[in-house]
Amino acid sequence: VAVLLPFLCCLSPAAAGKLLVIPMEGSHWLSMKEVLAELSKRGHEIVVIAPDSKMLIDSSGMYEMKTYSVPFKKEEMEELMRSLSANSFSEEPFLMRFLNTWDNFRKSSAMFQASCSSLLYNKEMMKYIEESKFDAIFTDPLTPCGQIIALHFSIPSVFFLRGVPCAIDIHAAQSPDPPSYVPRMFSLNTDHMTFPQRVRNFLISLSESFTCSMVFSSFESLASDFLQKPMTITQLLSHGSIWLKRLDFVFDYPMPIMPNMIFIGGINCGQKKPLSQ
């Protein structure tokens, strides 16, 4: 102990860092902003980069905002979000919900891919990121643009998400994902399934690879071209350092997770309004 004490005196307390934020549009941003507010209070320097056609992503004294131009208008984004919301509350048969969701994901993927491409090939913005020497990237992996930038500049990434379709997040983190126990998205199954439900759950899991390969293929092509090496969406997200998941076993399902996955369910309920009578 006597030998270690002099060395302990040389240690400095943890210092604030410089954080680059590549957010996801829509409701995803609202809960992410709550985290940024807390990080700002703790002295971290925050820079948010967003498209100029943003809807909910707004300026604030908590962070610096930088925008880049994209090849679509704000109204197009708003219409897509309305369609996604309407489908989320649909009571149509499974096949119809599946097809509608797939079509919406395809359209949103094309729009977000165009936005990501505009950012990656914006020389002025890329030069700014390189010269700023950020300590970490805070991003939503549903659109993996932030992770492409993280790999390109070798910056650690922190993911903020609820989940990625087809359990890509689970596979990227190398966590077990048994379809006989973990209900698949849109199956309406609970964590207590009968044998026929488990069989259907398994069949849905088989279809996921085909579905998501179509949805995320544009991002895979973009990442492969920009990083100059073949890259799948799973490989891309496998480099994430920390996964902050807006999940809670109370409202979701017990499932195996990896040590770098942290449940922060309920954070999106911070700004609540009283229910009407």
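Residues numbered from 1 in each chain as written. Predicted model: local features only at pLDDT ≥ 70, side-chain atom pairs only at ≥ 80, totals over all residues. Heavy atoms only, no water.

## Focus on the state of the cysteines
Phase 1 of the analysis: Enumeration according to the criterion identifies one disulfide in this entry.
Phase 2 of the analysis: Residue pairing for Cys116: its cysteine sulfur links by disulfide to Cys145, the two sulfurs lying 2.3 Å apart. Its S-S torsion of approximately 90° makes the covalent link between Cys116 and Cys145 right-handed. Taken as a pair, Cys116 in helix α4 (residues 94-120) and Cys145 in helix α6 (residues 145-153) lie far apart in primary sequence, 29 residues in all.
Phase 3 of the analysis: For Cys116, a relative accessible area of 2% translates into the label buried. (Disulfide = S-S within 2.5 Å. Helix = DSSP H or I, 4+ residues; strand = E, 2+ residues; numbered from the N terminus. Buried < 20%, exposed > 50% of the residue type's maximum accessible area, 1.4 Å probe, protein only.)

## What to know about the confidence of the model for the protein chain
Phase 1 of the analysis: Confidence along the protein chain averages 85 in pLDDT terms, with 92% of residues attaining 70 or more.
Phase 2 of the analysis: For the protein chain, per-element mean pLDDT is lowest for helix α1 (residues 4-9), which scores 50, and highest for strand β4 (residues 136-139), which scores 98. (pLDDT = per-residue confidence, 0-100.)

## Details of the pairing of strand β1 (residues 18-22)
Phase 1 of the analysis: Of all five residues making up β1, four are buried, and the element is well covered by its neighbours.
Phase 2 of the analysis: Bridge analysis of β1 against β4 gives four bridges, and the strand direction is parallel. Counted as the bridge partner of Val21 is Phe138 from β4. (Pairing = 2+ DSSP bridges.)

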